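# A look at the structure
Residues per chain, in single letters:
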Amino acid sequence: MIELIQTLVLGLLIGGVYALMASGLTLVFGVMHVINVAQGAFLIFAALITWELWKLTGIDPILASLVTTPLMFAIGWAIYQLMIRRVRDAPPSATVLLTFGLALALEGIMGLVTRNVFRSVTPSYGSSSFRIGSFFLPIPYVYGSLAAIIVLALLYVGLTRTWSGRAIRASSQNPPSALLVGVSSTSVAALTFAIGVATTGVGGSILSVLFAFFPASHYLWISRLLGIIVLGGMGSLPGAVLGSLMLGVAETMTSTYISPRWATVVFYVVILVVLLIRPQGIMGTRLRQDVAV
């Protein structure tokens, strides 16, 4: 029983980090209906910046997110203005191809700089754990999940308690009505995309501590993030959080009771089973479209 509870807690800690990583992707899709395939590359880029800061200054990698987050926000804003804005009204395939090309470009640049060497930030507490009775909680996972909870809470408050957040939600739920009350769709889209990319600042800093990474590993992360937002329901932030927690627990349970080799497979098996039962995702909604012949 103790081992089971320990495994569940670790799964929830990992799931919380996954939720943070997926939040930006699902937010951008919910407002703009743009699938940012470069989100995984942004995560690795932020992780690489964190590694460089830690190597040069010795700064704690979690605190380094105070640098990487505003930096990624600025990068996201610039990318929207220079690239995404030009194809926003094009078919969805155009934005997918554009962001995929951006991901490949980032991978190439990072590969030239890092020479495709695996990296991982190893702070002094990297192999330490908190002990609560018979349970051990790895400190990096605790710090990472706490940072994820704080950012997700700030994101929720921003979306529900500020004018900009209300504008984002209005544009997501009813774009024509949002325009009628004076909400600029262009400004909201730029802000949303920048916030979505900014979440990779914190996510990448946490990733650099919990997982080894190198430029091409962005494929692994974007596949996981896309799986999470599909499982939770496209555009649903609560759904992404719930889906992340489910998959985090599924991974740790598989690693503990079967084999770590099967953890990634089970990740996608859970997605497949849920979507066979509920194709719109856990918290997604079915839309009825009346087609006039």
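Owing to the predicted nature of the structure, the values given are computational and were not obtained by experimental measurement.

The next subject is the overall build of the protein. What the protein contains, in helices and strands, is 11 helices and two strands. For the protein, the α and β elements follow one another from N to C terminus as α-α-α-α-β-β-α-α-α-α-α-α-α. In terms of overall dimensions, the protein is globule-like: its C-alpha atoms have a radius of gyration of 19 Å, near the 19 Å expected for 293 residues. Looking at the protein as a whole, 47% of its 293 residues qualify as buried. Taking contacts inside the protein between residues at least 6 apart in sequence as the whole, the part at least 24 apart equals 78%. Of the side-chain charges in the protein, 15 are positive and 7 negative, and the distance between the mean point of each set is 5 Å.

Now for the packing of aromatic side chains. For the coordinates displayed, the defined rule picks out seven aromatic pairs. Summarising the aromatic geometry, the rings of Tyr-125 and Tyr-143 are spaced 5.0 Å apart at their centres and angled 75° between planes, so their arrangement reads as edge-to-face. Of this pair, Tyr-125 sits in the loop between helix H4 (92–114) and strand E1 (129–132) while Tyr-143 is found in helix H5 (residues 139–161), placing the two residues 18 residues apart along the sequence. An aromatic cluster is defined as three or more aromatic residues linked by ring pairs; in this entry it consists of Tyr-18, Phe-211 and Trp-221. Across the ring face of Trp-51, the terminal group of Arg-119 is positioned such that the distance to the ring centre comes to 4.4 Å.

Once that is clear, we can look at the nonpolar core. Met-32, Phe-42, Phe-193 and Ile-206 are the most contacted members of the largest nonpolar core, which has 66 residues in total. By residue number, the principal contributor to this core is helix H1 (residues 2–32), which donates 11 residues. The residues touching Ile-206, leaving out its near neighbours within four places in the chain, are Val-17, Leu-20, Ile-62, Gly-144, Ala-147 and Ala-148.

Orientation of helix H3 (residues 65–87) relative to H4, taken along the N-to-C sense of each, is 150°, at an axis distance of 9 Å. The orientation of H3 with respect to H4, classified from their angle, is roughly antiparallel. Note on packing geometry: the crossing formed by H3 with H4 is right-handed. Two secondary-structure elements touch here, H3 through Ile-79, Met-83, Ile-84 and Val-87 and H4 through Thr-95, Leu-98, Thr-99 and Leu-102. Residue classes in the contact of H3 with H4 are distributed as six nonpolar, two polar and no charged.

Before going further, it helps to examine the layout of surface pockets. Quantified by volume, the largest pocket comes out at close to 680 Å³. Taken together, 25 residues make up the lining of the largest pocket; nearest its centre are Gly-30, Ser-172, Gly-235, Ser-236 and Leu-237. It is H1 that contributes the most residues to the lining of the largest pocket, five residues altogether. Its residues assigned to classes, the lining of the largest pocket comprises 13 nonpolar, 11 polar and one charged. Considered as a void within the structure, the second largest pocket measures approximately 420 Å³ in volume. For the second largest pocket, the lining is made up of 20 residues, of which Thr-69, Val-151, Leu-154, Leu-155 and Ile-195 are closest to its centre. Contributing elements (two or more residues each) for the lining of the second largest pocket: H3, H5, helix H6 (163–173) and helix H8 (185–210). For the lining of the second largest pocket, the leading source of residues is H5, giving seven residues. Classifying every residue of the lining of the second largest pocket gives 13 nonpolar, seven polar and no charged.

When you line up the elements, Asn-36 lands in the loop between H1 and helix H2 (39–57). Looking at Asn-36, its side chain comes within polar contact range of the side chain of Gln-39, at 2.9 Å. Setting aside its immediate chain neighbours within four residues, Asn-36 contacts Leu-25, Phe-42, Thr-99, Phe-193, Val-197 and Ile-222.

Although it is not a glycine, His-33 adopts a positive phi angle of roughly 55°. As for its placement among the helices and strands, His-33 is situated in the loop between H1 and H2.

The rules behind each value
Residues numbered from 1 in each chain as written. Predicted model: local features only at pLDDT ≥ 70, side-chain atom pairs only at ≥ 80, totals over all residues. Heavy atoms only, no water. Helix = DSSP H or I, 4+ residues; strand = E, 2+ residues; numbered from the N terminus. Rg over C-alpha atoms; globule rule 2.2 N^0.38 Å. Buried < 20%, exposed > 50% of the residue type's maximum accessible area, 1.4 Å probe, protein only. Contact = heavy atoms within 4.5 Å. Lys, Arg positive; Asp, Glu negative; His and termini not counted. Charge placed at Lys NZ, Arg CZ, Asp CG, Glu CD. Phe/Tyr/Trp six-rings, centres within 6.5 Å; stacked < 30°, edge-to-face > 60°. Lys NZ or Arg CZ within 6 Å of the ring centre and 35° of its normal. Core = buried A, V, L, I, M, F, W, Y, C linked by side-chain atoms within 4.5 Å. Axes fitted to C-alpha atoms, helices over the stretch in contact; angles between N-to-C directions. Parallel < 35°, antiparallel > 145°, perpendicular 65-115°, else oblique. Left-handed = near helix turned anticlockwise from the far one by under 90°. Nonpolar A, V, L, I, M, F, W, Y, C, P; charged D, E, K, R; others polar. 1 Å grid on protein atoms, 1.4 Å probe; cavity = no way out; pocket = protein on both sides within 12 Å on 5 of 7 lines; lining within 4 Å. Points joined across faces, edges and corners; volume = space filled by probe spheres on them. Polar contact = N/O pair within 3.5 Å; in protein donor to acceptor, adjacent residues only side chain to side chain.

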